[in-house]
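Close look at the chain arrangement
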Amino acid sequence: EALLFARQSHQAKSGSHARAANAVERIHKTAYWGQMSLGSPPQHFKVIFDTGSGNLIVPSSQCTVPGCKPHHKYESKSSTTSMAVQNENGEGNAEISFGTGNVAGDFYRDKMCIGDSLCMDTSFIAADRESTEPFQDIPFDGIMGLGFKDLSMGKGFNILDDLYAGGQLPGGQVS
């Protein structure tokens with residue numbers, strides 16, 4: 001919960017005297033998550049929507065470290081539409097460091113759906129390693145990076161670009 005809410009206290013003024021009167025706390029959401037699926041048949045995940053990153057990252061069934069243990073895992077062999085892919089630099093995997101931890105995994109392309117009707121093929125990282133902190137304690141399975149392509153692993157890895165190319169953004173907007 002501490003990761004998701006910021007607390008601010010405000011003081012009330014009475015006449016010319018400033019006094020702390022029953023401090024009012026406002027709680028602002030600073031993170032949002034939702035359901036999505038990967039594969040055929042669909043494998044369901046709860047992901048955080050993150051505008052500060054550009055990749056979709058979910059734990060792989062190959063991940064057995066504590067950071068992955070409590071989460072749903074992507075099983076590439078269970079999807080008839082899954083394929084291992086490389087980025088334009090010929091890389092088939094990556095390691096990413098965040099301010100609070102790191103992940104590493106292989107690149108895949110598969111059918112992704114948000115809800116029942118917003119579906120497309122997208123490339124993503126199936127993490128076979130996730131640091132214990134913070135991933136063991138987070139309330140979601142993965143990260144859906146909604147940042148621009150310069151934050152992605154390369155061409156074909158950016159969900160916003162995929163949505164735009166498929167004409168699935170309202171009014172064709174990217175921002």
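None of these values were measured; they are calculated from a predicted model. For every chain, the first residue of its written sequence is number 1, and the numbers climb from 1 along that sequence. A pLDDT threshold of at least 70 governs which residues receive local features in this predicted model, and a stricter bar of 80 or more applies before side-chain atom pairs are shown or counted, although totals over entire chains, interfaces and linings include all residues. To obtain the side-chain values, all non-hydrogen atoms of the structure were used and water was disregarded.

**Quick word on the side chain of histidine 71**
To keep it simple, the criterion reads: Here a strand is any run of E in DSSP of at least two residues, a helix any run of H or I of at least four, and the numbering for each starts at the N terminus. For each residue, the accessible area found with a 1.4 Å probe, counting protein chains only, is set against the maximum for its type, and the residue is called buried under 20%, exposed over 50%, and partly exposed in between. Here a polar contact means two N or O atoms within 3.5 Å. Within protein one must be a hydrogen donor candidate and the other an acceptor candidate, and residues neighboring in sequence count only if both atoms are side-chain atoms. In this analysis, two residues are considered to be in contact whenever any of their non-hydrogen atoms come within 4.5 Å of each other.
Position of histidine 71 relative to the elements: it lies in the loop between strand 7 (56–59) and strand 8 (83–84). Looking at histidine 71, the relative accessible area reads 8%, which means it is buried. At 2.7 Å, the side chain of histidine 71 and the backbone oxygen of phenylalanine 135 are in polar contact. If sequence neighbours within four positions are ignored, histidine 71 has contacts with Pro59, Phe135, Gln136, Ile138, Phe140 and Asp141.

**Brief notes about the confidence of the model for the protein chain**
Just so we agree on the cut-off: Scored from 0 to 100, pLDDT records how confident the predictor is in each individual residue.
Across the protein chain, pLDDT averages 82, with 79% of residues at or above 70. Ranking the elements of the protein chain by mean pLDDT puts strand 1 (residues 5–10) last with 34 and strand 8 first with 98. In this model, residues 1–28 is a region of pLDDT below 50 whose contacts with residues beyond four sequence positions or in other chains number 33 contacts.

**Description of the environment of aspartate 137**
Tracing the backbone through its elements, the reader meets aspartate 137 in the loop between helix 1 (132–135) and strand 12 (142–145). Distance in space between the C-alpha atoms of aspartate 137 and glycine 67 is 7.8 Å, their sequence separation being 70 residues.

**A word on the pattern of salt bridges**
Put simply, the test is: What makes a salt bridge here is a side-chain nitrogen of Lys or Arg within 4 Å of a carboxyl oxygen of Asp or Glu, nothing more.
Taken as a whole, this structure holds 1 salt bridge when the rule is applied. Measuring nitrogen to oxygen at the nearest pair gives 3.9 Å for the salt bridge that ties arginine 129 to aspartate 128. Taking relative accessible area as the criterion, arginine 129 reaches 45% and is therefore assigned partly exposed.

**Structural notes on the packing of aromatic side chains**
For clarity, the cut-off: Centres within 6.5 Å are what make two rings of Phe, Tyr or Trp a pair, Trp counting through its six-membered ring; a difference in plane orientation under 30 degrees is then read as stacked, over 60 as edge-to-face, and the rest as tilted.
The final tally for this structure, using the stated rule, is 6 aromatic pairs. Residues tyrosine 74 and tyrosine 108 carry aromatic rings whose centres are separated by 5.7 Å and whose planes lie at 65° to one another, so their mutual orientation is edge-to-face. Remark: tyrosine 108 occurs in strand 10 (residues 102–114) and tyrosine 74 occurs in the loop between strand 7 and strand 8; sequence separation between them is 34 residues. Given the relative accessible area of 1%, tyrosine 74 is considered buried. A ring pair is formed by phenylalanine 98 and phenylalanine 135, whose centres lie 6.3 Å apart and whose planes are at 65°; its orientation type is edge-to-face. Here phenylalanine 135 lies in helix 1 and phenylalanine 98 lies in the loop between strand 9 (93–97) and strand 10, a separation of 37 residues in the sequence. Chaining the aromatic ring pairs together yields one cluster made of Tyr74, Tyr108 and Phe124.

**Things to note about the state of the cysteines**
Rule in force here: Disulfides are defined as cysteine sulfur pairs within 2.5 Å.
If you walk through the whole model with that rule in mind, you get 2 disulfides. Paired by a disulfide, cysteine 63 and cysteine 68 hold their sulfur atoms 2.0 Å apart. Judged by the sign of its S-S torsion, about 80°, the bond between cysteine 63 and cysteine 68 is right-handed. Each member of the pair, cysteine 63 as well as cysteine 68, is classed as buried. A sulfur-sulfur distance of 2.0 Å marks the disulfide that ties cysteine 113 to cysteine 119. Looking down the S-S bond of the cysteine 113 and cysteine 119 bridge, the torsion is 115°, so its handedness is right-handed. Since its relative accessible area comes to 23%, cysteine 119 is described here as partly exposed. Counting only the cysteines that form disulfides, in the order they appear in the protein chain, gives the pairing 1-2, 3-4.

**Comments concerning empty space enclosed by the protein**
Which entries qualify depends on this criterion: Lining residues are those with an atom within 4 Å of a point, where the points come from a 1 Å grid over the protein atoms alone and group into cavities, where a 1.4 Å probe fits but cannot get out, or pockets, open sets with protein on both sides within 12 Å along at least five of seven lines. Grid points are joined across faces, edges and corners, and a volume is the space filled by probe spheres set on the points. Residue type decides the class: Asp, Glu, Lys and Arg count as charged, Ala, Val, Leu, Ile, Met, Phe, Trp, Tyr, Cys and Pro as nonpolar, and the leftover types, Gly among them, as polar.
Using the criterion set out here, one finds 1 cavity of 30 Å³ or more in the structure. Estimates place the volume of the largest cavity at around 40 Å³. What lines the largest cavity is Ile57, Val103, Glu130, Phe135, Ile138, Phe140, Asp141, Gly142 and Ile143. Of the residues in the lining of the largest cavity, the class split is 6 nonpolar, 1 polar and 2 charged.

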